[in-house]
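Residue-level structure breakdown
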Amino acid sequence: MTTKASTTKKRSRTKVAAKKEVNGKKTSALQIQNLPLGKIKPDLEQPRKTFNEDALKQLSESIEKHGVLQPITVRQLNGHYIIVMGERRYRASKLAGKKTIPCIVRTYKDDDVLEIQIIENLQRQDVEPTEEAEAIAFLSEKYAPAEIAKRLGRTDNFIRQRLKLAGLIEGFKHFVRNGEMTISLGVGVALFEPEEQQMMLETMGEDFNAHQINRMIKDQTYDLEKASFDVADKKLVPKAGSCVECPFNAANQGNLFGEGKMVCTKSACFETKKSKSFLNLIKKSKKENILLIPEIRQYWADDENNQLIISQLEKNGLKVYLLDDVEILENPIEPTIEGIKIEYQHYDYSEDELKTELDEAMHNYKEALEKFNSAKEDGFVDGVIFHPETYRNKEVFVTIIEKSKNDSTEYSAPLANRKMADCTPEEQIVKINEREIRKKQIENNKQFEEVVQMIRETKYIDTKKTLSTDEMSAFSISLFENNVDYMSQQKYFSKFLGDTSKMTKVEMVDNFKKKFKKEIFHKLIRYMLTKQVHFGESNHVNNLTNISFYNAMQGYYKSKIASIEKEYAEKRDKREARLKERITVLEKQIKELND
């Protein structure tokens, strides 16, 4: 139903009849009345709670000049009028000092009022996200998400995401309202039960920390594409059913992690399925006489988690072989030129060099495939290797490495290959120290990755400050390490890092920073300029990189460039002259044929 009402700047308190259609018949039920503002009250149940003060002021100035151009909608209640639609115009009119406001008076049922208010508010552009989410949640009690999307002119995915956002606890909604928390991050937190959200909020503390929240979400969600079990299996854990249809699968909650991306948000259920699938794998290996090999090396066999895996295999009557005890043949993957380009993306390789690498990779692939296809004939048996933490597994061919008596003597094997119990106290100290060094390296790897991810989530890239010396130093080393080949390092940058023979990597960086000069930075940039140009079908008139390089070099070698240009121009002029003569002859022949 559409109602058009025209108003004028000079309104009296007269009633203006407006036509409407009901079941195809026109009736004059709607009327525009200029009602006193004192008799009008906002609806306390109105879902919209926030109004932008600056926008209200602008609207009040417009109303002061031109009046209210669109009447508000009200309903009568206990001698007053309650606003159904148009509270913003009502507030702005009061600010403008108006005494009356044009209104359409209508009769509604209580349930209809709220629904109309919600839909009217949701069709605005500036609706606050958490209010919008709560409003859509109200509509979802009556309509399916697809119907709500249709009514509001939104996508199904948008509606599903807002429905999920409605489940965010108040503590986090506060951060969404003040702009500290993005909607996508809010939706991510809303994946979890209110008790879990409260725990995340308390863990974070008073100050909002997006990186910390992201990390907590990551720690409590699982990529189902990397699951060790069949996510479509309804019988693995019958009470839980299939992950594909599970409501705790983010793909069923509005593609929260990307189109069709399946992510589990119920950690207890995921771990149960993972454990059950591992027990099934053990049963299968026993029944079909398949060797089950954990991806554990002898060096790490004493690790607490690895010991649990080994113990579990032994308790189930399986002979435990580690990676050092067997030779494994996996089905090789055929190489492609795309894969080769990715592998050597940081090398300055030409197309011919990449083709050579592909040929070599293809040769190795064919040899590996031939060996894989004849594995059974060569004494290999069926096996499965699995990761000790994720239980992800794949079928392979396996053969046990036969060790001589000398190899199995208590102290003849290399220290790294011996169990802690087989070592002397002195050797145990060595192993303990070596393992601690390795663990520190792994921790440093994770720490660095976490810091980089945190920085990528900030607005560092948009910083408007001039590059600091530390930043230029970092960029210089990055360019040197990743973009300057060995020959160029020797030719142009032999003294780049100075004498580093007695320095650690950290000391090398500190020393470089102390002696850093902008000239070094500029030299690296100029080196990169000469290396990053494109040849082949790209040149100085059809490629942005080449055009900008060509222009920049004019400031240094204008005369030499002009000399080369002159040489090519002379060749071009001669060629074009010959072409012109040839075309003239052909045109003459055409004319003769036509005559």
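Residues numbered from 1 in each chain as written. Predicted model: local features only at pLDDT ≥ 70, side-chain atom pairs only at ≥ 80, totals over all residues. Heavy atoms only, no water.

**A short note on the environment of Asp302**
Quick reminder of the rule: In DSSP terms, a helix is any run of H or I states spanning at least four residues, a strand is any run of E spanning at least two, and both are numbered starting from the N terminus.
As for its position among the elements, Asp302 is in the loop between strand S9 (291-294) and helix H12 (304-315). Residues Asp302 and Met420 lie 118 residues apart in sequence; the distance between their C-alpha atoms is 7.0 Å.

**Digging into the packing of helix H8 (residues 183-190) against helix H10 (residues 210-219)**
We apply this condition: The angle between two axes is taken between their N-to-C directions and runs from 0 to 180 degrees, where each axis is a line fitted to C-alpha atoms and a helix contributes only its stretch in contact. Oblique is the label for every angle not falling under 35 degrees (roughly parallel), over 145 degrees (roughly antiparallel), or within 65 to 115 degrees (roughly perpendicular). With the far helix as reference, a near helix turned anticlockwise by less than a right angle produces a left-handed crossing, and one turned clockwise produces a right-handed crossing. The contact criterion used is simple: two residues touch if any of their non-hydrogen atoms lie within 4.5 Å. Each residue gets one of three labels, nonpolar for Ala, Val, Leu, Ile, Met, Phe, Trp, Tyr, Cys and Pro, charged for Asp, Glu, Lys and Arg, and polar for the others, Gly among them.
The interhelical angle for the contact between H8 and H10, taken along N-to-C directions, is 40 degrees, at an axis separation of 10 Å. With respect to H10, the element H8 is oriented oblique. The handedness of the crossing between H8 and H10 is left-handed. Contacts between H8 and H10 pair Leu185, Gly188 and Val189 from the former with Ala210, Ile213, Asn214 and Ile217 from the latter. Residue composition of the contact of H8 with H10, by class: five nonpolar, two polar and no charged.

**Comments concerning empty space enclosed by the protein**
Applied cut-off: Grid spacing is 1 Å over the protein atoms alone, the probe is 1.4 Å, and a cavity is where that probe fits but cannot get out, while a pocket is an open set with protein on both sides within 12 Å along at least five of seven lines and lining residues have an atom within 4 Å of a point. Grid points are joined across faces, edges and corners, and a volume is the space filled by probe spheres set on the points.
Inspection of the entire model under this criterion finds two cavities of 30 Å³ or more. The calculated volume of the largest cavity comes to roughly 80 Å³. No other element matches helix H11 (residues 267-287), which puts three residues into the lining of the largest cavity. Classifying every residue of the lining of the largest cavity by side-chain character gives nine nonpolar, three polar and one charged.

**Side note on the side chain of Ser476**
Heads up, the rule is: Only protein chains enter the accessibility calculation, which uses a 1.4 Å probe. A residue is then buried if its area is under 20% of the maximum for its type, exposed if over 50%, and partly exposed in between.
Its place among the elements puts Ser476 in helix H17 (residues 469-483). Judged by its relative accessible area of 0%, Ser476 falls in the buried class. Discounting chain neighbours no more than four positions away, the residues touching Ser476 are Phe496, Phe512, Phe516, Phe521 and Leu524.

**Observations regarding the packing of aromatic side chains**
Spelled out, the test is: Put simply, two rings from Phe, Tyr or Trp (the six-membered ring, in Trp's case) pair if the centres are within 6.5 Å, and we call them stacked under 30 degrees between planes, edge-to-face over 60, tilted for the rest.
Following the criterion strictly, the structure yields 16 aromatic pairs and no others. Relative to Phe493, the ring of Phe480 lies with its centre 6.3 Å away and its plane at 80 degrees, an arrangement referred to as edge-to-face. Placement of the pair is Phe480 in helix H17 and Phe493 in the loop between helix H18 (486-492) and helix H19 (505-514), with a sequence separation of 13 residues. Per residue, the accessibility class of Phe480 equals that of Phe493, and both read buried. On the basis of an interplanar angle of 10 degrees and a centroid distance of 4.1 Å, the ring pair of Phe480 and Phe496 is categorised as stacked. In this pair, Phe480 is assigned in helix H17 and Phe496 in the loop between H18 and H19, connecting sequence segments 16 residues apart. Phe496 matches Phe480 in its accessibility class, with the two residues each being buried. Through pairs of rings, three or more aromatic residues link up here, namely Phe480, Tyr492, Phe493, Phe496, Phe512, Phe516 and Tyr527.

**Considering the packing of H17 against helix H20 (residues 518-531)**
Taken N-terminus to C-terminus, the directions of H17 and H20 make an angle of 40 degrees; their axes are 10 Å apart at the nearest point. Taken as axis vectors, H17 and H20 run oblique relative to one another. Here the hand of the crossing between H17 and H20 comes out left-handed. From H17, Met472, Phe475, Ser476, Leu479, Phe480 and Asn483 reach across to H20, where they touch Lys518, Phe521, Leu524, Ile525, Tyr527 and Met528. Its residues placed into classes, the contact of H17 with H20 shows nine nonpolar, two polar and one charged.

**Some words on helix H2 (residues 87-95)**
Among all positions of H2, only Glu87, Arg89, Tyr90, Ala92 and Ser93 are buried. The inward-facing, buried residues of H2 abut strand S3 (40-41), helix H1 (53-66), strand S4 (72-77), strand S5 (80-85) and strand S6 (100-105). Looking one or two residues past H2, Gly97 carries a phi angle of roughly 80 degrees, positive in sign.

**Focus on the nonpolar core**
Under the convention used in this document: To define a nonpolar core, start from buried Ala, Val, Leu, Ile, Met, Phe, Trp, Tyr and Cys residues and group those joined through side-chain atoms within 4.5 Å.
Ranked by size, the top nonpolar core spans 24 residues in total, and within it Phe172, Met181, Val189, Met200, Met204 and Ile213 carry the most contacts. Only helix H7 (170-177), H8, helix H9 (194-204) and H10 provide two or more residues apiece to this core. Per element, the largest residue contribution to this core is four residues, and it comes from H8. One finds Leu35, Phe51, Leu59 and Tyr81 within the second-largest nonpolar core, a separate group that totals 17 residues.

**Focus on the pattern of salt bridges**
Here is the rule: Basic side-chain nitrogens of Lys or Arg form a salt bridge, by our definition, when they fall within 4 Å of a carboxyl oxygen of Asp or Glu.
Within this structure, the stated rule accounts for 18 salt bridges. Among the ionic pairs, Lys394 bridges to Glu330, the shortest N-O distance being 2.8 Å. In this pair, Lys394 is assigned in strand S12 (residues 393-400) and Glu330 in the loop between strand S10 (326-329) and helix H13 (337-343), connecting sequence segments 64 residues apart. Exposure remark for Glu330: the relative accessible area of 39% places this residue in the partly exposed category. The partner of Asp470 in a salt bridge is Lys513, with the nearest N and O atoms 3.9 Å apart. With Asp470 in helix H17 and Lys513 in helix H19, this pair connects stretches of sequence that are 43 residues apart. Take Lys513: its relative accessible area is 33%, and that puts it in the partly exposed class. Each member of the salt-bridge network shares a partner with another, and the members are Glu132, Arg154 and Arg162.

**What to know about the sheet that holds strand S11 (residues 381-386)**
Note the cut-off: When DSSP finds two or more bridges between a pair of strands, those strands are recorded as paired.
If you trace the four strands from one edge of the open sheet to the other, you get S9-S11-S12-S10, paired in mixed fashion. Every interior strand has two partners, whereas the edge strands, S9 and S10, have only one. With direction set aside, neighbouring strand axes in the sheet form an average angle of 45 degrees. Here four bridges tie S9 to S11, and the two strands are oriented parallel to one another. Across the sheet, the residue bridging to Leu292 is Val384, located in S11.

**Brief notes about the layout of surface pockets**
A water-sized probe rolled over the atoms picks out the places where empty space is left. In this structure, the largest pocket encloses a volume near 1700 Å³. Around the largest pocket, the lining is made up of 45 residues, and of these Lys218, Asp219, Glu389, Thr390 and Lys446 lie nearest the centre. Where the lining of the largest pocket is concerned, the elements lending two or more residues are H8, H10, strand S7 (222-223), H11, H12, S12 and helix H16 (425-456). The biggest single contributor to the lining of the largest pocket is H16, with eight residues.

**A few points about the pairing of S4**
Relative to S6, S4 runs parallel, the two sharing three bridges. Bridge pairing in S6 links Thr73 to Ile104. Both S4 and S5 contribute to a ladder of five bridges, which runs antiparallel. The residue bridging Gln76 from the neighbouring strand is Tyr81, located in S5. Hairpin connection from S4 to S5: two residues lie between these consecutive antiparallel strands, with Asn78 at a positive phi of about 50 degrees.

**Looking at H17**
Because each turn of an α-helix spans 3.6 residues, side chains separated by three or four positions in sequence point in the same direction. What counts is decided by this rule: Take the number of residues in a helix, subtract one, and multiply by 1.5 Å to get its expected span. What the arc covers is the set of directions going from the helix axis to the C-beta atoms.
For H17, with 15 residues, the first-to-last C-alpha span of 20 Å sits near the 21 Å given by 1.5 Å per residue. Of all the residues in H17, the buried ones are Met472, Ser473, Ser476, Ile477, Leu479 and Phe480. Down the axis of H17, the smallest arc covering the buried residues is 160 degrees, so these residues share one side. Looking at the buried positions of H17, the neighbouring elements they touch are H18, H19 and H20.

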